[in-house]
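Overview (structure and organization)
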Amino acid sequence: MDHVACLNDEEYLGFDDWRLPNVNELESLFHSGVDNCRAWLNDRGFTNDNPGAHWSSTSFVPSGANSYAWRLNYGTGIKQGAAKEGQSAQLWPVRAGR
């Protein structure tokens, strides 16, 4: 979230309405019916995507704690909750569309 705040502060690409997608938005970009989801996304204009897990803005609350978030791996299609601190994943900021 701090990185997205920096994008907005710096008006990255001329915009200040960047945000992290929620887990449903991330899942909507995953196509389980193809062998290579990344190649499928590239064919649709998503050329700067990196493979691996991507953070969502959706918290994952396994035991009442709010220190986890959902992330989705575009290589495997696996969705999992991961600790917000100490875990790495890609960011795929989207615009809020104001």
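Residues numbered from 1 in each chain as written. Predicted model: local features only at pLDDT ≥ 70, side-chain atom pairs only at ≥ 80, totals over all residues. Heavy atoms only, no water.

**Here's the deal with the layout of surface pockets**
Note the following rule: Only protein atoms enter the 1 Å grid, on which a cavity is a set of points fitting a 1.4 Å probe that cannot get out and a pocket is an open set with protein on both sides within 12 Å along at least 5 of 7 lines, lining residues being those with an atom within 4 Å of a point. Grid points are joined across faces, edges and corners, and a volume is the space filled by probe spheres set on the points. Only runs of H or I of at least four residues qualify as helices and only runs of E of at least two qualify as strands under DSSP, and these elements are numbered from the N terminus. Amino acid classes used here: Ala, Val, Leu, Ile, Met, Phe, Trp, Tyr, Cys and Pro are nonpolar; Asp, Glu, Lys and Arg are charged; the rest, including Gly, are polar.
Considered as a void within the structure, the largest pocket measures approximately 290 Å³ in volume. As for the largest pocket, its lining consists of Met1, Asp2, His3, Leu20, Trp55, Ser56, Ser57, Ser59, Ala69, Lys84, Glu85 and Leu91. For the lining of the largest pocket, the element with the highest residue contribution is strand S2 (residues 53–60), accounting for four residues. Taken together, the residues of the lining of the largest pocket break down into five nonpolar, four polar and three charged.

**Quick look at the pairing of strand S3 (residues 68–73)**
Stated precisely, the cut-off is as follows: Strands were regarded as paired on the criterion that DSSP finds at least two bridges between them.
Bridge count between S2 and S3: five bridges; the pairing is antiparallel. The residue bridging serine 59 from the neighbouring strand is alanine 69, located in S3. When S3 meets strand S4 (residues 79–83), the two strands line up antiparallel, connected through five bridges. By the bridge assignment, alanine 69 is partnered in S4 with alanine 82. If you look at the hairpin formed by S3 and S4, you'll find five residues sitting between the two strands, and glycine 77 has a positive phi there, around 80 degrees.

**Notes on the sheet that holds S3**
Filter applied, for reference: The axes are straight lines fitted to the C-alpha atoms, using for helices just the contacting stretch, and the angles between their N-to-C directions are given from 0 to 180°.
Spatial strand order, S2-S3-S4: three strands in an open sheet with antiparallel pairing. Each edge of the open sheet is held by one strand with a lone partner, namely S2 and S4. Between one strand axis and the next, the sheet turns by 40 degrees as a mean value, whatever way the strands run.

**A few points about the pattern of salt bridges**
For the record, the criterion: Between Lys or Arg on one side and Asp or Glu on the other, a salt bridge is scored when a side-chain nitrogen of the former is within 4 Å of a carboxyl oxygen of the latter. Remark: exposure states derive from per-residue accessible area (1.4 Å probe, protein chains only) relative to the maximum for the residue type, with buried under 20%, exposed over 50%, and partly exposed in between.
Tallying each qualifying case throughout the model produces three salt bridges. For arginine 95, the salt bridge is made with aspartate 17, and the minimal N-O distance between the two is 2.8 Å. Of this pair, arginine 95 sits in strand S5 (residues 94–95) while aspartate 17 sits in the loop between helix H1 (2–9) and strand S1 (18–19), placing them 78 residues apart in sequence. Arginine 95 sits in the partly exposed class, given a relative accessible area of 32%. The buried category is assigned to aspartate 17, whose relative accessible area is 5%. Here lysine 79 and glutamate 27 are joined by a salt bridge, their closest N and O atoms 3.5 Å apart. In this pair, lysine 79 sits in strand S4 while glutamate 27 sits in helix H2 (residues 23–28), placing the two residues 52 residues apart along the sequence. Glutamate 27 gets classed as partly exposed once you look at its relative accessible area, which sits at 31%.

**Brief notes about the packing of aromatic side chains**
Rules: Here is the rule: rings of Phe, Tyr and Trp (six-membered ring for Trp) pair when centre to centre is within 6.5 Å. Planes less than 30 degrees apart are stacked, more than 60 are edge-to-face, and the remainder are tilted. As a reminder, the over-ring test applies to NZ of lysine and CZ of arginine, requiring each to be within 6 Å of the ring centre and within 35 degrees of the ring normal.
Tallied over the full model, the rule gives three aromatic pairs. The aromatic ring of tryptophan 55 is capped on one face by arginine 71, whose charged end is 5.6 Å from the ring centroid. Directly above the ring of tryptophan 70 sits lysine 79, whose terminal nitrogen or CZ lies 4.9 Å from the centroid.

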